[in-house]
Amino acid sequence: MPRWARGWPEALKARAARYALQRWLGPFLEEPLRLEQLGLDLRGGTGTLRELRLRAAAVDELLAGAGAPLELREGGVGAVTVTVPWAALGTEPVRLRLSHLRLVLRPRQPGPPGPGSPPAGGSQQGRDPPPEPPPLEGLEALALTIDTVLRRLHVLLEDAELRVELPPQPGGGPGGALELHLPRAEYEDAGGAPGGGPPAVLHKGLRLQDLRLLWQELPPAWAQVPVSPLVLGGLLPGPSELCLRLKQNEALPGPAVELEGKVGALHLLLPPPLLGTLRGLLGALDPPG
């Protein structure tokens, strides 16, 4: 725990952490953070946020700026836990654990947002955000500390769902949806120089466990038929691993990028309706012209 935060009462620590996290995460959340959503143990280096609803329009601005072909429709996180190794910052990673993450996306529509697109600002449209209390002494230092320690992360993702929807076509063709279910995924950045400077080589690893691909046919609105249940379309049982090595110094020998993957097995079930959904999604993600 930082020295300047020692001796603060627990209520003040919680308020300080809420202020810093609201400054960092606030633009991407539907509602301002509440103290009851925050569990904090600064001495142990652990903090937890619960029941977060993402502001789709704000997150989608980042996706659009990065040129992502998908737009976010809605999203939420059940819990986020951050563990900071105060005694070993710079040598040990900050650990980030996310559980019950759910994102719903669709191919980005060209031109201005359509009538179904979420309004800018989500549920806060037309209302000014509640004013933040004036910062207390030390809060800016705490905010800068959080910005620093979050630059190096070990991420554990548990019980995640990623859904990509292709709406029914105007010509009457059915749409479809693909869902990725991830019981467990880990991302680790093994790079980093001992003195905290930029490393010569970045080592990044991604490990997945029991990835499942499900699909669903979406009938046109005029059809007035119930939506079919999700059907299994693919399975990656057991652990799978992807390792990436990025050279930062051109003077070093070897290729600039090295990629290595390990997959135990891959099972695909591709009935014609699923192939049609895949073809429609690929066409929407890479439209002609």
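In this text the structure is predicted, and so the values were computed from the model without any measurement.

Draft legend 1. The arrangement of the environment of Gly276 in detail. For Gly276, the location among the structural elements is in helix H4 (residues 272-285). When the C-alpha atoms of Gly276 and Glu217 are compared, they prove to be 9.7 Å apart, with 59 residues separating the residues in sequence.

Draft legend 2. Quick look at a nonpolar patch on the surface. Residues Val263, Leu266, Leu268, Leu270 and Leu275 make up a contiguous nonpolar surface patch of roughly 450 Å² in combined accessible area. Since its relative accessible area comes to 55%, Leu266 is described here as exposed.

Draft legend 3. Local environment of H4. The end-to-end C-alpha distance of H4, which contains 14 residues, comes to 20 Å, matching closely the 20 Å that a straight helix rising 1.5 Å per residue would cover. Residues of H4 that are buried: Leu274, Thr277 and Leu281. End-on, the buried residues of H4 take up no more than an arc of 60 degrees, which puts them together on one face. Set apart from the buried face of H4 by more than 90 degrees, the exposed residues are Pro272, Arg279 and Leu282. Where H4 is buried, its residues contact strand S4 (94-107), strand S5 (153-166), strand S6 (175-189), strand S7 (201-218) and strand S8 (231-247).

Draft legend 4. A look at the pattern of salt bridges. Tallied over the entire structure, the rule returns 14 salt bridges. Note that Glu71 and Arg106 form a salt bridge whose closest N and O atoms lie 2.5 Å from each other. Taken together, the positions of Glu71 in strand S3 (residues 70-83) and Arg106 in strand S4 put the pair 35 residues apart, joining distant regions of the chain. Exposure remark for Arg106: the relative accessible area of 13% places this residue in the buried category.

Draft legend 5. Summary view of unusual backbone geometry. Although it is not a glycine, Asp159 adopts a positive phi angle of roughly 55 degrees. Turning to its location among the elements, Asp159 is positioned in strand S5. Owing to a relative accessible area of 38%, Asp159 belongs among the partly exposed residues under this scheme. The phi angle at Asp210 is positive, at roughly 55 degrees, despite the residue not being glycine. Among the structural elements, Asp210 can be located in strand S7. The partly exposed category is assigned to Asp210, whose relative accessible area is 30%.

Reading guide: rules and limits
Residues numbered from 1 in each chain as written. Predicted model: local features only at pLDDT ≥ 70, side-chain atom pairs only at ≥ 80, totals over all residues. Heavy atoms only, no water. Helix = DSSP H or I, 4+ residues; strand = E, 2+ residues; numbered from the N terminus. Patch = residues over 30% accessible without salt bridge, like charges linked within 9 Å, V, L, I, M, F, W, Y side chains within 5 Å. Areas by Shrake-Rupley, 256 points an atom, 1.4 Å probe, with all protein chains shown as cover. Salt bridge = Lys/Arg side-chain N within 4 Å of Asp/Glu carboxyl O. Buried < 20%, exposed > 50% of the residue type's maximum accessible area, 1.4 Å probe, protein only. Expected span 1.5 Å × (residues − 1). Arc of directions from axis to C-beta. Contact = heavy atoms within 4.5 Å.

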